[in-house]
Amino acid sequence: VGDRSPDLEDPTILKGAFETVQSLIEGGVLTAGHDRSDGGLITTLLEMAFSGNCGFEVELEGHGSASDPLHPAAPLPVLFSEELGLVFEAPMEEGDRILEAFWAVGVPCQTIGRTLAEPRVRVSVGDQLVLDEAMPDLRGIWEETSFQLDRLQADPHRVEEEKESLRTRTGP
């Protein structure tokens, strides 16, 4: 977001993050994960919800001030920043273990929300609710361009069947 490109200032943080992720995977602690680089945090969270056929609820810290054009909570930089980062899903009881593992190697880490069985997406930045939508509706919008291209290459009736199946999908 803006005129600053994402960068890696300290390679030891990347190394520590990688090794910690590998350890948590080997220990069976993480149930899902995704990088947040392309498209930012909101893209990461939505892609995870679409593939897991579930919803989520997150509460993010806002950044901004009265002089900030995106005042009061500046949700756009929070949601769309493409700085390095990872998002993980794990059982709630593993939360402290995960945080401590990353902190031990100097990697900033925080809990931002929870997965919902209900296919609903709720995102708050600061104290402002910025998104509250049904996940299938958001997935439909996300996939629409692909379906339009598919109609040019495949039987349009079959493409429409696939599109409709997104609304009734029950699991990954």
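So, how was this worked out
Residues numbered from 1 in each chain as written. Predicted model: local features only at pLDDT ≥ 70, side-chain atom pairs only at ≥ 80, totals over all residues. Heavy atoms only, no water. Pairing = 2+ DSSP bridges. Helix = DSSP H or I, 4+ residues; strand = E, 2+ residues; numbered from the N terminus. Axes fitted to C-alpha atoms, helices over the stretch in contact; angles between N-to-C directions. Contact = heavy atoms within 4.5 Å. Phe/Tyr/Trp six-rings, centres within 6.5 Å; stacked < 30°, edge-to-face > 60°. Buried < 20%, exposed > 50% of the residue type's maximum accessible area, 1.4 Å probe, protein only. Core = buried A, V, L, I, M, F, W, Y, C linked by side-chain atoms within 4.5 Å. pLDDT = per-residue confidence, 0-100. Polar contact = N/O pair within 3.5 Å; in protein donor to acceptor, adjacent residues only side chain to side chain. Salt bridge = Lys/Arg side-chain N within 4 Å of Asp/Glu carboxyl O.

Draft legend 1. Layout of the sheet that holds strand β4 (residues 113-116). With mixed pairing, four strands are arranged side by side in an open sheet as β4-β2-β5-β6. The two strands at the open ends of the sheet, each matched to only one other strand, are β4 and β6 (128-134). Each neighbouring strand pair of the sheet contributes to a mean axis angle of 10°, computed without reference to strand direction. Note: strand β2 (residues 55-60) against strand β5 (residues 120-125), five bridges, orientation parallel. Its bridge partner lying in β5, valine 58 is registered against valine 123. Packed onto the sheet, helix α2 (residues 40-52) meets β2, β5 and β6 and runs at close to 160° relative to β2. Sitting on the sheet, helix α5 (residues 135-153) touches β5 and β6, and the angle it makes with β6 is about 85°.

Draft legend 2. Highlighting the packing of aromatic side chains. Considering all chains together, one arrives at two aromatic pairs under this definition. Ring geometry for phenylalanine 50 against tryptophan 142: centres 5.4 Å apart, planes inclined by 65°, an arrangement best described as edge-to-face. With phenylalanine 50 in helix α2 and tryptophan 142 in helix α5, this residue pair connects regions lying 92 residues apart in the sequence. Judged by centre distance (5.8 Å) and plane angle (20°), the rings of phenylalanine 88 and phenylalanine 102 are stacked. Of this pair, phenylalanine 88 sits in strand β3 (residues 86-89) while phenylalanine 102 sits in helix α4 (residues 95-104), and the two are 14 residues apart along the sequence. Judged by relative accessible area, phenylalanine 88 falls into the partly exposed class, the value being 26%.

Draft legend 3. The arrangement of the nonpolar core in detail. Judged by nonpolar contacts, the single largest core of 20 residues is most densely connected at Leu45, Leu46, Phe56, Val58, Leu60, Val121 and Val123. Elements represented by at least two residues in this core include exactly α2, β2, α3 (75-80), β5 and α5. Sort the elements by how many residues they give to this core and α2 lands first, with seven residues. With near-sequence residues (within four places) excluded, phenylalanine 56 lies in contact with Leu45, Leu46, Ala49, Arg114, Thr115, Leu116, Arg120, Val121, Arg122 and Val123.

Draft legend 4. Expanded view of the confidence of the model for the protein. Scored by pLDDT, the protein has a mean of 87; 91% of the residues are at 70 or more. Long-range and interchain partners of residues 65-70, a stretch whose pLDDT sits below 50, account for seven contacts in this model, where long-range means more than four residues apart.

Draft legend 5. Quick look at the side chain of asparagine 53. Relative to the helices and strands, asparagine 53 resides in the loop between α2 and β2. The buried category is assigned to asparagine 53, whose relative accessible area is 15%. Here arginine 139 takes part through its side chain, which lies 3.0 Å from a polar atom of the side chain of asparagine 53.

Draft legend 6. Representation of the pairing of β6 within the structure. The sheet contact formed by β5 and β6 spans six bridges and is antiparallel. Within β6, the position partnered with arginine 122 by the bridge is aspartate 132.

Draft legend 7. The pattern of salt bridges, seen in detail. Inspection of the entire model under this criterion finds 10 salt bridges. Here arginine 114 makes a salt bridge to glutamate 57, at a shortest N to O gap of 3.1 Å. Here the residue arginine 114 occupies a position in strand β4, and glutamate 57 occupies one in strand β2, the gap between them amounting to 57 residues. A salt bridge links glutamate 160 to arginine 151, with the shortest nitrogen-to-oxygen separation between them at 3.1 Å. According to the relative accessible area criterion, arginine 151 is partly exposed, its value standing at 25%. One continuous salt-bridge network, built from bridges that share partners, spans Glu57, Arg114, Glu118, Arg120, Arg122 and Asp132.

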